[in-house]
Amino acid sequence: MSRVVLGVSGGIAAYKACGLLRLLAEGGHEVTVVPTAHALRFVGEVTWAALSGRPVHTDVFTGAQDVPHVRLGREADLVVVAPATADLLSRAATGRADDLLTNVLLTATCPVLMVPAMHTEMWLHPATVANVATLRERGVIVMHPDSGRLTGADSGPGRLPEPDDIAAVATSLLGDDGVATAMRRRDFAGRHLAVSAGGTREHLDPVRFIGNASSGKMGLAIARAARLRGARVTVVAANLSVPVGGDVDVVPVGSTAELAAAMAAASADADVIVMAAAPADFTPVSASDTKLKKDGDAGLSVELTQTTDVLAGLVRSRREGQVIVGFAAETAEGEQLLELARAKLARKGCDLLVVNDVSGGKVFGAAENRVTILGPAGIVASGQGDKNVVAHRILDAIVGLSN
Ligand code: CTP
């Protein structure tokens, strides 16, 4: 039986959380409800107690002898916040601890699933967008609100997803191969994982470069997931557009040559190497020390030469027992995508290849991704959704190699 904390914040969609509570309790989970003071104005304590069959915790000071603000978070297998209002997201993103639910969020060591619900203007407000991005960067799984009729006459994105859909995501996180289970197992304890993230830049002059749109989010999600599963982690970080979370060693790099050197150094005692970065494949034969000036109406021709293939180099110098994972960014779909990926896997010689379709710029910079994980014998697994969840699927596939 899993222990779930259901946090409810103060929005009209709190009434729908009653249905979610029922589904989670019927699924055999022990659900403790932690409503905020504002949530209690929409649905009362008695309803939560009756539906959960358990005492409801509403504030930090009641039952202080049990230290509920620490115990509930520490003991939980999963924390679900539904609805998560704009205010709750803001307080969580800034690390406030001004009520019991925000204390639980600060002490939880398990996966946290946030299910936002609010009016469209609030959901699209830059403050909320930034808060959601911050939470995701810290590993929180944030569901997209549904689009449709909101309270009053308006409609748009901001509706709480249906309780069935939320329960399905929660159940998948708790299942035998779920994120909560993986984190509890700490199956990467004692292993060193080196992961590259971001995109490299090859300078033409001090201000211009050839680069790519990789944000580093996928590589950082893998780093975070591996930390949560007990690994020591080194991140070789190439021009990231998002901050690296705490508790990992970071080696900043700029160019593909720097990335190659940093990965070679990190791989000396790494048990697992993941090349999630997008290295630039070409570099100018010569770069100017001073800013290139326009010459009348004349264009500019630049001679480029190929950079080193970092992944192929790491495979060539692989140590006994080392697992090496590559990524494949392709602009194709279906069978054609797989065909390109199979050829790339054979060419690179790595153990696993994480394949994604990057057509139309999707994936780069996005919070979500869809991947197929390929091994020499064929498809090993696939993953879809929040990059934090996809990261765990990739780690599961790595663990699967030694089973
Ligand atoms: N990679 C690398 N060094 C490079 C280019 C790519 O180590 N100079 C790695 C990437 O980090 C990724 C894998 O190789 O793990 C595949 O990268 P991808 O961009 O999909 O393929 P390329 O090798 O660049 O081949 P192509 O551009 O022809 O598809």
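These figures come from a predicted structure and were not determined experimentally.

S.K.: I would appreciate a short explanation of the overall build of the protein in the present structure.
M.R.: A count of helical and extended segments in the protein gives 15 helices and 19 strands. In summary, the protein has a C-alpha radius of gyration of 23 Å against a globular reference of 22 Å for 403 residues, a match within 12%. Overall, the protein is about 70 × 55 × 40 Å in size when its C-alpha atoms are taken along their principal axes. Taking the contacts inside the protein whose residues are at least 6 apart along the sequence as the reference set, 69% of them involve residues at least 24 apart.

S.K.: Quick question: what am I supposed to make of the sheet that holds strand β1 (residues 3-8) here?
M.R.: Across a sheet, strands are paired by hydrogen bonds formed along the backbone, either parallel or antiparallel in direction. Strand order in the open sheet formed by five strands is β2-β1-β3-β4-β5, and the pairing between neighbours is parallel. Of all strands in the sheet, those with a lone pairing partner are β2 (30-35) and β5 (141-142), marking the two edges. Examined bridge by bridge, β1 and β2 share six bridges and lie parallel to one another. Considered in β2, the bridge of L6 is made with V33. Contacts between helix α1 (residues 14-26) and the sheet are confined to β1, β2 and β3 (78-84), with β1 contributing the most and set at about 175 degrees to the helix.

S.K.: It is not clear to me how the pairing of β1 should be interpreted in this structure. Could you clarify?
M.R.: With five of six residues buried, β1 is to be regarded as a mostly interior element. On the question of chirality, the crossover connecting β1 to the parallel β2 by way of α1 is right-handed. Looking at chain direction, β1 and β3 are connected through four bridges and run parallel. Paired with V4 across the bridge in β3 is L78.

S.K.: It is not clear to me how unusual backbone geometry should be interpreted in this structure. Could you clarify?
M.R.: Across the chain, the bulk of peptide bonds are trans and the bulk of non-glycine residues have phi less than zero. Of the consecutive residues A82 and P83, the connecting peptide bond is found in the cis state with omega at -5 degrees. Tracing the backbone shows P83 in strand β3. Even without being a glycine, R186 presents a positive backbone phi close to 50 degrees. Mapped onto the secondary structure, R186 falls in the loop between α10 (179-185) and β8 (192-198). Of note, N239 is a non-glycine position whose phi angle comes to about 50 degrees, a positive value. Structurally, N239 can be placed in the loop between β11 (232-238) and β12 (249-253).

S.K.: Help me understand the pattern of salt bridges, please; the structure alone is not making it clear to me.
M.R.: Should the charged atoms of two oppositely charged side chains come close, the side chains can pair. Here the structure, examined in full by the defined rule, presents 23 salt bridges. Residue R91 is joined to D99 by a salt bridge in which the shortest nitrogen-to-oxygen separation is 3.0 Å. The two residues R91 and D99 agree in class, both being buried. Among the charged side chains, a salt-bridge network with shared partners connects R3, E30, R54, R71 and E75.

S.K.: How should the environment of A268 be read in this particular structure?
M.R.: Here A268 lies in the loop between α12 (256-267) and β13 (272-275). Exposure remark for A268: the relative accessible area of 51% places this residue in the exposed category. For the pair formed by A268 and D386, sequence separation is 118 residues and the distance between their alpha carbons is 31 Å.

S.K.: So what exactly am I meant to see when it comes to helix α8 (residues 126-137) here?
M.R.: Note that an α-helix has 3.6 residues per turn; residues three or four places apart therefore point the same way. Between its first and last C-alpha, α8 extends 16 Å over twelve residues, near the 16 Å set by a 1.5 Å rise per residue. Along α8, the residues classified as buried are T128, N131, V132, L135, R136 and E137. Among the residues trailing α8, G139 stands out with phi positive, at a value near 100 degrees.

S.K.: Is there a simple way to think about the packing of α1 against helix α9 (residues 163-174) in this case?
M.R.: Between two packed helices, what matters for the description is the angle formed by their axes and the separation of those axes. It is at 9 Å that the axes of α1 and α9 come closest, and there the two elements cross at 45 degrees. As far as their axial angle goes, α9 and α1 are oblique. Both α1 and α9 take part in a crossing whose hand is right-handed. Only P163, D164, I166, A167 and A170 of α9 make contact with α1, whose side of the interface consists of K16, G19, L20, L23 and L24. Across the contact of α1 with α9, the residue classes break down as seven nonpolar, one polar and two charged.

S.K.: Sorry if this is basic, but what is going on with the site of the ligand here?
M.R.: Of all residues adjacent to the ligand, which total 15 residues, the nearest are A277, L311, F327, K344 and K348. The contact in question runs from an oxygen atom of the ligand to an N or O atom on the backbone of M275, over 2.8 Å. Residue T308 places a main-chain N or O atom 2.9 Å away from a nitrogen atom belonging to the ligand. In isolation the ligand exposes 560 Å². Once the protein is present, 78% of that is buried. Contributions of two or more residues to the shell around the ligand are made by α13 (310-316), β16 (323-330) and α14 (334-348). Among the elements that take part in the shell around the ligand, β16 stands out by supplying four residues, more than any other.

S.K.: Honestly, the pairing of strand β17 (residues 352-357) in this entry has me stumped. Any pointers?
M.R.: Every regular strand shows the same layout, with side chains that alternate between the two sheet faces. Counting buried positions along β17 yields six of six residues, so the element is predominantly enclosed. Along β17, one buried face is formed by L352, V354 and N356 and the opposite face, lined by L353, V355 and D357, is buried too. Here β16 pairs with β17 via six bridges, running parallel. By the bridge assignment, G326 is partnered in β17 with L353. For the handedness criterion, the β-α-β arrangement of β16, α14 and β17 is classed as right-handed. Bridge analysis of β17 against strand β18 (residues 368-375) gives three bridges, and the strand direction is antiparallel. Note that in β18 the partner of V355 across the bridge is T372.

About the thresholds
- Residues numbered from 1 in each chain as written.
- Predicted model: local features only at pLDDT ≥ 70, side-chain atom pairs only at ≥ 80, totals over all residues.
- Heavy atoms only, no water.
- Helix = DSSP H or I, 4+ residues; strand = E, 2+ residues; numbered from the N terminus.
- Rg over C-alpha atoms; globule rule 2.2 N^0.38 Å.
- Contact = heavy atoms within 4.5 Å.
- Pairing = 2+ DSSP bridges.
- Axes fitted to C-alpha atoms, helices over the stretch in contact; angles between N-to-C directions.
- Buried < 20%, exposed > 50% of the residue type's maximum accessible area, 1.4 Å probe, protein only.
- Right-handed = clockwise from strand over helix to strand, strands pointing away.
- Salt bridge = Lys/Arg side-chain N within 4 Å of Asp/Glu carboxyl O.
- Expected span 1.5 Å × (residues − 1).
- Parallel < 35°, antiparallel > 145°, perpendicular 65-115°, else oblique.
- Left-handed = near helix turned anticlockwise from the far one by under 90°.
- Nonpolar A, V, L, I, M, F, W, Y, C, P; charged D, E, K, R; others polar.
- Near = heavy atom within 4 Å.
- Polar contact = N/O pair within 3.5 Å; in protein donor to acceptor, adjacent residues only side chain to side chain.
- Areas by Shrake-Rupley, 256 points an atom, 1.4 Å probe, with all protein chains shown as cover.

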